[in-house]
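These are the residues of each chain, in order.
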Amino acid sequence: QVQLVESGGGLVQAGGSLRLSCAASGRTFSDYGMNWFRQAPGKEREFVAAISRSGGTTNYVDSVKGRFTISRDNAKNTVYLQMNNLKPEDTAVYYCNTDHIDGMTYWGKGTLVTVSS
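Reference entry: report on the structure contained in this document.

1. Here we look at the sheet that holds strand S8 (residues 78-83)
The strands making up a sheet are joined through hydrogen bonds of the backbone, oriented either antiparallel or parallel. An order of S1-S3-S8-S7 is seen for the four strands of this open sheet, with the pairing classed as antiparallel. Where the open sheet ends on each side, the last strands, each with one partner, are strand S1 (3-7) and strand S7 (68-73). Across the sheet, the mean angle separating the axes of adjacent strands is 15° when strand polarity is ignored. Sheet analysis places strand S3 (residues 18-25) next to S8, joined by six bridges and oriented antiparallel. Residue pairing across strands places Arg-19 opposite Gln-82, the latter belonging to S8.

Put into structure tokens, the structure is as follows:
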């Protein structure tokens, strides 16, 4: 079992920044990769960013490349999503998610990011 708790969401103006955090517990954090997803109102959940177990490899959806940065601190069991130059279309609930662990993935409950124009 892995428990994930996101934090750091809020209301920000377009062009602003937020840093999301996702604290993990229950399994050795460095044993699995981590991802961020988001779900905007009325839309399906979409992949945002991924980071490997060591943090050495990252991937992003094209719409956030150059603006968002995923990172992790394995000593703190935490993954981050630094979001800069936010746009109204980034408004969504952001979820962190684990890679498959023994055939299962785990999700947090999400944190709401609202970007005003």
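2. Overview of the state of the cysteines
Within this structure, the stated rule accounts for one disulfide. Disulfide pairing places Cys-22 opposite Cys-96 at an S-S distance of 2.0 Å. Linking Cys-22 and Cys-96, the disulfide has an S-S dihedral of approximately 60° and is accordingly described as right-handed. Here Cys-22, found in strand S3, pairs with Cys-96, found in strand S9 (residues 92-98); they are 74 residues apart in sequence, far enough to count as distant. For Cys-22, a relative accessible area of 0% corresponds to the buried category. Of the residues examined, Cys-96 reaches a relative accessible area of 0% and is grouped as buried.

3. Topic: the sheet that holds strand S2 (residues 10-13)
Reading across from one edge, S2-S10-S9-S4-S5-S6 is the order of the six strands in this open sheet, with mixed pairing throughout. Taken across any chain shown, the strands that pair with only one partner, and hence form the sheet edges, are S2 and strand S6 (58-60). Across the sheet, the mean angle separating the axes of adjacent strands is 25° when strand polarity is ignored. Across three bridges, the pairing between strand S5 (residues 46-51) and S6 is antiparallel. Counterpart to Ile-51 in the pairing with S6 is Thr-58.

4. Description of the environment of Val-79
Within the secondary structure, Val-79 sits in strand S8. Residues Val-79 and Ala-49 lie 30 residues apart in sequence; the distance between their C-alpha atoms is 11 Å.

5. With respect to the pattern of salt bridges
Inspection of every chain in the model, using the stated rule, returns five salt bridges. Between Arg-38 and Asp-90 there is a salt bridge, and its shortest N-O distance comes to 2.9 Å. Pair noted here: Arg-38 is in strand S4 (residues 34-39) and Asp-90 is in the loop between S8 and S9, with a separation of 52 residues, a long-range link. Judged by its relative accessible area of 1%, Asp-90 falls in the buried class.

6. Considering unusual backbone geometry
A positive phi angle, near 50°, is found at Asn-85, a position not held by glycine. Relative to the elements of secondary structure, Asn-85 occurs in the loop between S8 and S9. Phi at Asp-102 is positive, roughly 50°, even though this residue is not glycine. Mapped onto the fold, Asp-102 is located in the loop between S9 and strand S10 (111-116). Under the relative-accessibility criterion, Asp-102 is labelled exposed at 69%.

About the cut-offs
Residues numbered from 1 in each chain as written. Predicted model: local features only at pLDDT ≥ 70, side-chain atom pairs only at ≥ 80, totals over all residues. Heavy atoms only, no water. Pairing = 2+ DSSP bridges. Helix = DSSP H or I, 4+ residues; strand = E, 2+ residues; numbered from the N terminus. Axes fitted to C-alpha atoms, helices over the stretch in contact; angles between N-to-C directions. Disulfide = S-S within 2.5 Å. Buried < 20%, exposed > 50% of the residue type's maximum accessible area, 1.4 Å probe, protein only. Salt bridge = Lys/Arg side-chain N within 4 Å of Asp/Glu carboxyl O.

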